[in-house]
2 protein chains.
Amino acid sequence: MEFMTRLGILLSGRGSNFLAIADNIASGQLADCEIAVVLSNKADAPGLDAARRRGLKAIAIEANGRKRAEHDEEIIDILRAHHVDLVILAGYMRLLSRGFIQAFPLRILNIHPSLLPAFPGLDAQQQAFNYGVHVAGCTVHFVDEQLDHGVIITQRTVPVLPTDDEPTLAHRILEQEHIAYSEAIAKVISGNYEIQGRRYIPKK
Amino acid sequence: MEFMTRLGILLSGRGSNFLAIADNIASGQLADCEIAVVLSNKADAPGLDAARRRGLKAIAIEANGRKRAEHDEEIIDILRAHHVDLVILAGYMRLLSRGFIQAFPLRILNIHPSLLPAFPGLDAQQQAFNYGVHVAGCTVHFVDEQLDHGVIITQRTVPVLPTDDEPTLAHRILEQEHIAYSEAIAKVISGNYEIQGRRYIPKK
């Protein structure tokens with residue numbers, strides 16, 4: 001039996017990127033991995049219910065004013081108990097503690113709806129729209145200790161059309177996110193790359 | 001006789017973007033405009049000689065420790081004496097004074113070798129390469145009073161290849177600059193656009 005990379009998904013909302021990943025695994029388009037557990041810091045995150053409906057283990061760990069490090073420790077314990085190899089942030093609206101990041105070195109991925117380093121932080125699509133860029137996009141990157149900053153695994157571009165408003169632009173970016181995240185996961189689980197400085201270099 | 005937009009080119013070096021624009025005008029690919037004068041703050045800029053060889057008026061206005069506003073006034077006078085409608089910065093390595101920018105409102109264009117707002121300032125290609133972006137590019141924008149900041153007229157993307165080093169990336173970006181600048185000039189001289197906030201919107 002071949003080795004399956006076990007994914008741990010963290011989300012705070014509906015988890016549309018999680019659903020796209022789950023669909024790609026189900027269809028075989030994203031191979032050699034399985035979703036071990038879906039975690040949320042919000043008990044009412046629709047993504048948790050969606051996970052349960054797909055027969056996936058889904059757990060809420062509410063933060064409830066607890067210290068970040070303590071909350072993260074509990075999440076780390078659950079990820080380890082489920083033998084998670086790769087942590088996938090899919091709209092997880094909470095900063096990770098240094099301890100969390102160090103517990104999974106180069107094993108935590110995030111997606112951001114802009115061509116980083118442009119427009120980090122919240123409302124990236126609105127930022128891009130307001131700035132008047134002609135090319136927007138999304139970025140999948142390893143998580144490091146700075147916000148929206150780690151080594152970039154993949155980026156996909158989206159043209160900004162004269163007829164766009166922010167919602168139409170955000171929708172077209174999201175379509176590319178759904179492709180980009182599975183692409184990036186496949187690249188990482190292949191192990192067929194090296195990192196030089198900040199550069200992700202696929203091996204021949 | 002149709003109206004010809006008169007371009008004033010400002011450069012400090014070899015002016016490869018100026019040469020691409022001159023070639024596109026000569027071939028008819030960039031229509032309805034002509035180069036009225038080429039100016040440089042460096043008497044030894046190779047772009048000045050190249051302009052003269054093409055039969056264009058080329059003038060050096062050395063800064064020589066003069067105040068920016070005073071140096072800019074002389075350049076503005078020459079541009080006006082040559083009835084320049086549109087000022088094209090083509091590797092002009094000097095900040096413009098507020099007075100210069102206000103003398104040609106939305107009539108000064110610059111090109112920058114990155115997908116702004118990412119990597120403003122010097123050595124943009126090296127910045128992008130070092131950051132590890134997977135998509136680089138170039139931006140043509142109106143010049144405002146902040147560096148590499150004005151309303152964007154066009155952007156073109158360039159993939160960063162695993163085999164790239166900074167020179168190969170910079171070369172492929174430059175190829176796109178040579179296309180982008182003439183595209184942007186054609187858009188501006190058409191007059192067929194409006195600006196909403198920071199957004200350049202072509203009219204139907």
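Above this text is the structure in question.
Residues numbered from 1 in each chain as written. Chains lettered and ligands numbered in written order. Predicted model: local features only at pLDDT ≥ 70, side-chain atom pairs only at ≥ 80, totals over all residues. Heavy atoms only, no water.

Undergrad: When you look at the overall build of chain A in this model, what are you seeing that I'm missing?
TA: Looking only at helices and strands, one finds six helices and nine strands in chain A. Across its three principal axes, chain A shows a C-alpha extent of roughly 50 × 45 × 35 Å. Taken across its 204 residues, chain A has 55% of its residues classed as buried. For chain A, the share of sequence-separated contacts (at least 6 apart) that also reach a separation of at least 24 residues comes to 62%. Counting every atom, chain A has about 9300 Å² of accessible surface; 52% of that belongs to carbon and sulfur. Each charge class in chain A can be summarised by its mean position, and for the 21 positive and 24 negative side chains these summaries are 3 Å apart. (Helix = DSSP H or I, 4+ residues; strand = E, 2+ residues; numbered from the N terminus. Buried < 20%, exposed > 50% of the residue type's maximum accessible area, 1.4 Å probe, protein only. Contact = heavy atoms within 4.5 Å. Areas by Shrake-Rupley, 256 points an atom, 1.4 Å probe, with all protein chains shown as cover. Lys, Arg positive; Asp, Glu negative; His and termini not counted. Charge placed at Lys NZ, Arg CZ, Asp CG, Glu CD.)

Undergrad: I tried to follow the sheet that holds strand S6 (residues 135-142) of chain B on my own but got confused; where do I start?
TA: Residue and element names in this part refer to chain B. Read from one edge of the open sheet, seven strands run S3-S2-S1-S4-S5-S6-S7, paired in mixed fashion. With one partner strand each, in any of the chains shown, strand S3 (58-60) and strand S7 (152-159) form the two edges of the open sheet. On average, each strand axis in the sheet is inclined to that of its neighbour by 20°, with strand direction left out of account. Here strand S4 (residues 86-89) runs beside strand S5 (residues 108-112); their pairing, made up of three bridges, is parallel. By the bridge assignment, Val87 is partnered in S5 with Ile108. Along the sheet face, helix H2 (residues 46-53) touches strand S1 (5-11), strand S2 (33-40) and S3 and points at about 155° away from the line of S3. (Pairing = 2+ DSSP bridges. Axes fitted to C-alpha atoms, helices over the stretch in contact; angles between N-to-C directions.)

Undergrad: I keep staring at the packing of helix H1 (residues 16-26) of chain B against helix H6 (residues 166-190) of chain B and nothing clicks. Help me out?
TA: Two packed helices can be described by the angle between their axes and the distance between those axes. All names here are of chain B. Axis separation between H1 and H6 bottoms out at 9 Å; the angle between their running directions is 55°. Regarding the angle of H1 to H6, the classification is oblique. Here H1 runs over H6; the crossing is right-handed. Residue-level contacts link Ser16, Asn17, Ala20, Ile21 and Asn24 of H1 to Leu174, Glu177, His178, Tyr181, Ser182 and Ile185 of H6. Of the residues that constitute the contact of H1 with H6, the class distribution is five nonpolar, five polar and one charged. (Parallel < 35°, antiparallel > 145°, perpendicular 65-115°, else oblique. Left-handed = near helix turned anticlockwise from the far one by under 90°. Nonpolar A, V, L, I, M, F, W, Y, C, P; charged D, E, K, R; others polar.)

Undergrad: Please explain the relation of the copies chain B and chain A as it appears in this structure.
TA: Between the two copies of the chain lies a relationship made up of a rotation around an axis and a movement along it. Superposition of chain B onto chain A requires a rotation of 180° combined with a translation of 0.0 Å along the rotation axis, giving an RMSD of 0.0 Å. Both copies are brought into coincidence by an operation consistent with a two-fold rotation axis. No C-alpha of chain B approaches the rotation axis more nearly than that of Ala118 of chain B, which lies at 2.5 Å. A shared binding surface is used by both copies, with 100% of the interface residues of chain B retained as interface residues in chain A. (Least-squares fit on C-alpha atoms with pLDDT ≥ 70 in both.)

Undergrad: Got a minute to help me understand the pairing of S2 of chain B in this structure?
TA: Walk down a regular strand and you will see the side chains alternate between the two sheet faces. Residues and elements named next belong to chain B. Of all eight residues in S2, seven are buried; the element is thus mostly enclosed. In terms of strand pairing, S1 meets S2 through seven bridges, oriented parallel. Along S2, the bridge assignment pairs Thr5 with Cys33. The handedness of the S1 to S2 crossover, carried by H1, is right-handed. As judged from the three bridges shared by S2 and S3, these two strands associate in the parallel manner. Residue Leu39 lies in a different strand from S3, and its bridge partner there is Ile59. (Right-handed = clockwise from strand over helix to strand, strands pointing away.)

Undergrad: Can you walk me through empty space enclosed by the protein in this structure?
TA: In this approach, a probe sized like a water molecule rolls over the atoms, and the result shows the empty space that is left. Taken as a whole, this structure holds one cavity of 30 Å³ or more when the rule is applied. Considering only enclosed or pocket space, the largest cavity measures out at about 150 Å³ in volume. Leu115, Leu116 and Ala118 of chain A together with Leu115 and Ala118 of chain B are the residues nearest the centre of the largest cavity, which is lined by 24 residues in total. Of all the secondary-structure elements, those providing two or more residues to the lining of the largest cavity are strand S6 (135-142) of chain A together with S6 of chain B. Split into classes, the residues belonging to the lining of the largest cavity amount to 19 nonpolar, five polar and no charged. (1 Å grid on protein atoms, 1.4 Å probe; cavity = no way out; pocket = protein on both sides within 12 Å on 5 of 7 lines; lining within 4 Å. Points joined across faces, edges and corners; volume = space filled by probe spheres on them.)

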